[in-house]
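Listed here are the chains, written in short residue letters.
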Amino acid sequence: MTEQMLSPIVPTPLIPRSFTTTESNKTGSWRFLKPRYDEKTAPCSAACPAGEDIARVEMLVAQGLFKEAWETILQENPFPAVCGRVCFHPCEGVCNRKEFDDAIAIHTLERFVADTAMRYGIQPDIARRPVQGPRVAVVGSGPSGLAAAYFLARLGYTCDVFEAKSEPGGILRWGIPLYRLPVNVLEWEIGRIRSLGVEIHCNHRVSSDFLRDAGDRYQAVFIGCGHHRNVDLGIPGENLDGVEEGLPFLERVRAGERPDLSGAVAIIGGGNTAVDVSRCALRLGAKPVIVYRRRRQDMPAFEHEIEMALEEGVELMELWAPLEIAPHADGYRLVLQKMEVAAEEGPRAQVRPVPGETREMVVSKVLKAIGNAAEEAWMEPPEGDGKLLRLANTALVRRDDGPVLVYGGDLAALEKSVAHAVASGKEAAMALDTYFQDGWDAIESKVSACRVGQGPSLSMEMYLGGERCRRNPHVVAFQEINTDYFLFSPRLAQPRLLKEERIQGFSEIDLKISAALALREAERCFNCGICNQCDNCRLFCPDLAVCRDDNPQGRRINYDYCKGCGVCVVECPRNAMALEQD
Amino acid sequence: MIEVRFHGRGGQGTVVASILMAKAFFQAGYYVQSFPLFGVERRGAPVEAYLRLDKTKILVRTNVYTPDHVVVLDPTLLEGVDITRGLKPGGWILINAPEAPPNLHTYADYKLAHVDATRIAIRHRLGTRTHPIVNTAMMGAFARVLGEPPLEAVMEAIREEVPAKPEANMAAAREAYESVVLLGPVAEAVSA
Amino acid sequence: MKKVVEGSHAVSEAVRLARADVISAYPITPQTHIVELLSEYCSDGTLNAKFLRVESEHSAMAALIGAASAGVRTFTATSSQGLALMHELLHWAAGARLPIVMAEVNRALAPGWNIWTEQTDSLAQRDTGWIQLYCEDAQEALDTTLQAFRLAETVYLPVMVVLDAFFLSHTYEPVDIPEQEEADRFLPPFKPAFQLDTQNPSAFNQLAPPNVYMEMRRSLQDAMESALDVLDTIEDDYEKLFGRRYGAVEAVQCDDADIILVTSGTVTSTSRLVLRQLREKGEKVGLLKMKAFRPFPFEALRKHTAHAKKLAVIDRNFSFGAGGIFAQEIRSALCNLARRPLVFGYVAGLGGRDVTTDVIEDIYWRTKTSAHPEGESIWIGLHQPAPAA
């Protein structure tokens, strides 16, 4: 067809069209609200007594950066392989993911990261200060003492650790059964502390004289020798021959003894020691019965340990208190008093005897595990001393005639746990370093500046002014997570020996997990409050104002174009941004 | 104008028979229209299709209400479906059946033809033994009944349009063309 | 070459001949056969086009808006609910002046579910800026589709080719299918006046504030107004090549008619038969076929109906609260004339009910015997509700 045939006049289409680059429109001039990257604190991290940067650890695991994840834990805790096995993991109890489907298996992942490092014999790259003048003595090589030595050594202080027993580790070595913590794992962790230059003097019992004379060689003494004196039941027959204390029993078993037990064995108490004793007794052939004056929910032992004990066949008698232990042809006659709940106030119910209701049971052995106290008076922080400074997990005493004393571990911590012992050692290291550098009066404020969230957990990363100092103490709540970006997915199930296999011996119960499982589990983590480079801010920005950058954040906001709409903040899945008045 | 109604069951090729007949008649110089019963189609359910033929352009675009002839592809439809609905007196009824239906008096107003298209289809392996495809055989028979279109036009339509086994289908059409039984006006057959 | 093909496939063949570049559609009865054949053509190489499968009609239109903006020839087809879902983007396609061609198979809207023919779906889109052309048989559907590409690409407006469900879409009849080279002579490759171009980047269809928006709307209306003349020119070409033309309206024996039947779609074809029969009886009746609904053929309508006494408009559609849509528009087109026919608005054949020769004759005789229309719209063939007990 020829052009002339199109005779009608067709008007040119009029449509909106622009050839100008939109870069000339500096939309940033419209802004009255300003987004910024604002990393916040994850609830798990705040709940961890050791203040581990868990959200970041899981991010690194999800990225396959296992070594970096391990080093991130080591920044706050010298015992990832130990804690990945024995910690009571309060982190999981506050995990925001719990509100969505199930909490992240943080405990299992911690162990995975540490075991991976152990398997490949990896050495961590952790910054150390040059050697400082002051020297510190550490009494006791349990978790608090070793943690104190670890952190002090990293801060440049020469530490000598004095251990009364033949090998270091304290409760970790002697009080925790092998099925929870194999000895090679502990030795690997202690070896790393030694490699920092920490001298551990075993078979070296320290007396009160030591404190008096220590001033010659040490500017400070950390006392972390734990609670070893047994608390009495205060009933007839408790000192009968063969009525044994819990901790020494565990120590014997840990040392390799295999006492031949059979028949019913009564374990009196409700703490972790009682549970550990009962499970060891079970493995030695007994039918253990835990006799507890309160109820299961009142037991100070960790719930998951109680559960496993019952699963294995340990029996629990609740609301029975021992009245008397007497000899019997088949062992011992135990007289028990029925108790009832009198009041529910406080963490544990108050109980009282039910008049006239008693019972007797015959057992082959009685093991007492009702608690322990400091062995000697000098091991307790002196009350009412004007020069006493009590921090969350330590107590410091400044003396005119000797080195500064720091009471830590079970002697001063909020709770008796490995994680609290680590917290105590870290707090002591921060406090002593501050004392040596800035003086006594600076301790409180400087230590509290390192709180994770609202505390009392402390962060060595923050103390050292590391990258993660920028973290806002605000603890991210579940409502602040944009769950549109997460899919429901089942929590990793910790593989374990079968119940039948467990009670055959002292093999470790919890089994290894594969890297594939670890990656998948770590990917479930919301990474509350931390940027994991998901790029949502950049993808959603209508003004292309979010730019990739080489800075540690990995992102930069070009405020020439950011008009402050806030879509980046809303679409951040994990509340790692903030919008504020410009 | 001639209007034809095809009765069959969903899956038997009833609509295709109507279309192919349209093509055959078109080849023979007719103007044609072919369409199915408008609605949903379900396998096994009774279906209808229609065919219009004329020597000039067909203007009417409505449903077929008063067909001149009826083609029944499935003899089981004789019970339950009123195949003579609207059928003009004197119109042909072509039934796929080995012999004439028993109640001949029902069709007294019409002319009847039958062909064993099922047997023919099975012999030529069209479809399966349980579901033989009888439409091409019925086309051949129908061409014989009306005297139009020429068998060659039917063959041509099948050759061009049937994708599977065109030769077997053509053979079936031819066999049906040759074997269809034309009873003629039923009234006469009954009285005789 | 003349072949017996299905109405739907007549449209498919036209799209093949038009060498469409991008086709995107979502299946819906009774449109599906159109794109089904086209997808076969795309897969077997008969047609070198990109066939985009999408999750909805809305997406189909969105895809074509993108493709047409890039300057290629585009086609889709839909019906009823599918067209309703496209509504937002119909405005966009027209406002963006994209020459998209769509086959719209008229189907009644639900509920109750109904797959049969009715024009309300397409007429409800009358204000979107799309050209609408209604067809009466398969040949016209093919010819109009082929013409639609050239019309769209000349005036830069999208074109809807509208056909009745089943009575046209599913009916086989002889259709003269042009050869490819003839079609190529009629329809040259699309040379867009504007398109997305990485060498010459520009932003399209951004903010149009009050100071420019009205001019853009006027520009669209100017294009609409030019479309009738352009269609006429295109039909000149088409007639020279293929010997067929239709016109925006077609007047059959209107000059001396007292009563003119006004129809669209397949009802027109059946009405031609009725017209012949009535004329044989000596009735002075004419037939006006409305092919173009948008742009509305005001002048042609006025010219062909000026001498008649009565118009009997048959609407297979309805605007609730008003009346049959063609009747409404015809009344408004005539209202300022000094001498104008009475307009009888009949509503018939909704939801696929058959509009038979009897129905059309009934409409004629009612019109002839009534001095005035008995209402805004007269519904034909309604079943009487059972008397109350």
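Residues numbered from 1 in each chain as written. Chains lettered and ligands numbered in written order. Predicted model: local features only at pLDDT ≥ 70, side-chain atom pairs only at ≥ 80, totals over all residues. Heavy atoms only, no water.

This brings us to the overall build of chain A. Summing up its helical and strand segments, chain A has 20 helices and 24 strands in all. If you line up chain A on its principal axes, its C-alpha atoms span 125 × 60 × 50 Å. Across the 582 residues that make up chain A, the buried fraction comes to 56%. Within chain A, contacts between residues at least 6 apart in sequence are counted, and of these 72% link residues at least 24 apart. Carbon and sulfur atoms make up 50% of the accessible area of chain A, which totals about 24,900 Å². (Helix = DSSP H or I, 4+ residues; strand = E, 2+ residues; numbered from the N terminus. Buried < 20%, exposed > 50% of the residue type's maximum accessible area, 1.4 Å probe, protein only. Contact = heavy atoms within 4.5 Å. Areas by Shrake-Rupley, 256 points an atom, 1.4 Å probe, with all protein chains shown as cover.)

On to the overall build of chain B. Helix and strand counts for chain B stand at six helices and seven strands. Secondary structure elements in chain B, listed N-terminal to C-terminal, are β-α-β-β-β-β-β-α-α-α-α-β-α. Relative to a compact globule of 192 residues, whose C-alpha radius of gyration would be 16 Å, chain B shows 15 Å and is just as compact. Expressed along its principal axes, the backbone C-alpha trace of chain B runs to roughly 45 × 40 × 35 Å. Contacts spanning at least 24 positions in sequence make up 61% of the contacts within chain B whose residues lie at least 6 apart. Carbon and sulfur atoms form 54% of the exposed surface of chain B, whose accessible area is close to 8,200 Å². Of note, chain B has its 20 positive side-chain charges centred 4 Å away from the centre of its 20 negative side-chain charges. (Rg over C-alpha atoms; globule rule 2.2 N^0.38 Å. Lys, Arg positive; Asp, Glu negative; His and termini not counted. Charge placed at Lys NZ, Arg CZ, Asp CG, Glu CD.)

Contacts between the two partners involve 25 residues from chain C and, on the opposite side, 20 residues from chain B. Regarding the contact of chain C and chain B, the summed buried area is about 2,000 Å², with carbon and sulfur atoms giving 63% of it. At the boundary of chain C and chain B, one finds two salt bridges. If you look at where chain C meets chain B, you find twelve residue pairs in polar contact (both at pLDDT 80 or more). Counting residues per element, the ones that place at least two in the side of chain C that touches chain B are strand S1 (2–6), strand S8 (172–176) and helix H9 (266–280) of chain C. The leading source of residues in the side of chain C that touches chain B is H9 of chain C, at six residues. When the residues that make up the side of chain C that touches chain B are grouped by side-chain class, the tally is ten nonpolar, seven polar and eight charged. (Buried area = accessible area lost by both parts, 1.4 Å probe. Salt bridge = Lys/Arg side-chain N within 4 Å of Asp/Glu carboxyl O. Polar contact = N/O pair within 3.5 Å; in protein donor to acceptor, adjacent residues only side chain to side chain. Nonpolar A, V, L, I, M, F, W, Y, C, P; charged D, E, K, R; others polar.)

What follows is about the environment of Val-291 of chain A. Residue and element names in this part refer to chain A. Locating Val-291 in the fold gives a position in strand S11 (residues 287–291). C-alpha of Val-291 to C-alpha of Ile-268: the two residues are 23 residues apart in sequence and 4.9 Å apart in space. Setting aside residues up to four positions removed in sequence, Val-291 forms contacts with Ala-266, Ile-267, Ile-268, Gly-269, Met-317, Trp-320 and Leu-336.

To describe a pair of aromatic rings, one takes the distance between the centres and the angle between the planes. Enumeration over the complete set of coordinates arrives at 36 aromatic pairs over all chains. Taking the centre distance of 5.4 Å and the plane angle of 35° together, the rings of Phe-35 of chain B and Tyr-50 of chain B count as tilted. In this pair, Phe-35 of chain B is assigned in strand S2 (residues 31–36) and Tyr-50 of chain B in strand S3 (residues 46–54), connecting sequence segments 15 residues apart. Measuring from ring centre to ring centre gives 5.7 Å for Phe-318 of chain C and Phe-320 of chain C, while their planes differ by 70°; the resulting arrangement is edge-to-face. According to the relative accessible area criterion, Phe-318 of chain C is buried, its value standing at 10%. Judged by its relative accessible area of 71%, Phe-320 of chain C falls in the exposed class. (Phe/Tyr/Trp six-rings, centres within 6.5 Å; stacked < 30°, edge-to-face > 60°.)

What follows is about the environment of Ser-80 of chain C. All names here are of chain C. Here Ser-80 is to be found in helix H4 (residues 80–95). Classification of Ser-80 by relative accessible area gives buried; the value is 0%. Once the C-alpha coordinates of Ser-80 and Thr-29 are considered, the two residues, 51 residues apart in sequence, prove to be 9.0 Å apart. Those residues within four positions of Ser-80 in sequence are excluded, and the remaining contacts are Glu-104, Val-105, Arg-107, Ala-108, Leu-109 and Asp-121.

Moving on to the nonpolar core. Residue and element names in this part refer to chain C. Membership of the largest hydrophobic core comes to 111 residues, with the highest contact counts inside it found for Met-61, Phe-75, Leu-151 and Ile-330. Here this core takes ten residues from helix H8 (residues 210–242), the largest share from any one element. Discounting chain neighbours no more than four positions away, the residues touching Met-61 are Thr-76, Met-86, Leu-89, Leu-90, Ala-93, Ile-100, Met-102 and Trp-130. (Core = buried A, V, L, I, M, F, W, Y, C linked by side-chain atoms within 4.5 Å.)

Here the focus is the sheet that holds strand S13 (residues 292–294) of chain C. Residue and element names in this part refer to chain C. With mixed pairing, the seven strands of this open sheet are ordered in space as S3-S2-S4-S5-S7-S6-S13. Strands with a single pairing partner mark the edges of an open sheet, and in this sheet they are strand S3 (50–53) and S13. Shown here is a sheet whose adjacent strand axes are inclined to one another by a mean of 20°, direction ignored. Pairing analysis gives four bridges linking strand S2 (residues 22–25) to S3, with the strands arranged parallel. Each residue of the ladder has a partner; that of Ala-25, found in S3, is Arg-53. (Pairing = 2+ DSSP bridges. Axes fitted to C-alpha atoms, helices over the stretch in contact; angles between N-to-C directions.)

Attention now goes to a nonpolar patch on the surface. Judged by side-chain polarity, Tyr-485, Leu-539 and Phe-540 of chain A come together as a nonpolar surface patch covering roughly 290 Å² of accessible area. By secondary structure assignment, the location of Phe-540 of chain A is in helix H19 (residues 536–540). (Patch = residues over 30% accessible without salt bridge, like charges linked within 9 Å, V, L, I, M, F, W, Y side chains within 5 Å.)

Two side chains that carry opposite charge are able to pair once their charged atoms sit near each other. Residue and element names in this part refer to chain A. One pass over the structure, following the stated rule, counts 90 salt bridges over all chains. Taking the shortest distance from any N to any O, the salt bridge between Arg-212 and Asp-209 comes out at 3.3 Å. With Arg-212 and Asp-209 both in helix H10 (residues 208–213), this residue pair falls three residues apart, about one helical turn. Under the relative-accessibility criterion, Arg-212 is labelled exposed at 56%. Asp-209 gets classed as partly exposed once you look at its relative accessible area, which sits at 37%. A salt bridge links Lys-365 to Glu-244; the shortest N-O distance between them is 3.0 Å. Of this pair, Lys-365 sits in strand S16 (residues 365–368) while Glu-244 sits in strand S9 (residues 244–245); the two residues are 121 residues apart in sequence, bridging distant segments of the chain. A single burial state applies to Lys-365 and to Glu-244, both of which are buried.

The next thing to look at is the UniProt feature "domain: Pyruvate/ketoisovalerate oxidoreductase catalytic" (unreviewed entry) in chain B. As recorded in UniProt, the sites labelled "domain: Pyruvate/ketoisovalerate oxidoreductase catalytic" (unreviewed entry) are residues 10–178 of chain B. The distance from the first to the last C-alpha atom of residues 10–178 of chain B is 27 Å, and the span holds 34% helix and 17% strand. (UniProt positions renumbered as here; feature names shortened; annotations may be inferred.)

Turning next to the interface of chain A and chain C. With 16 residues of chain A at the interface, the matching set in chain C holds 31 residues. Buried area between chain A and chain C, both sides added, is near 2,000 Å², and the carbon and sulfur share of it is 67%. Here chain A is connected to chain C by zero salt bridges. Linking chain A with chain C are four residue pairs in polar contact (both at pLDDT 80 or more). Class assignment for the residues of the side of chain A that touches chain C results in twelve nonpolar, three polar and one charged. Across two bridges, strand S1 (residues 17–18) of chain A lies against strand S9 (residues 203–204) of chain C in antiparallel orientation. The partner of Arg-17 of chain A across the bridge, within S9 of chain C, is Phe-204 of chain C.

Turning next to helix H11 (residues 246–254) of chain A. All names here are of chain A. Of all the positions in H11, only Gly-246, Leu-247, Phe-249, Leu-250, Val-253 and Arg-254 are classed as buried. Down the axis of H11, the buried set is contained in an arc of 160°. They therefore lie on one face. A positive phi of about 115° marks Gly-256, the residue just after H11. (Arc of directions from axis to C-beta.)

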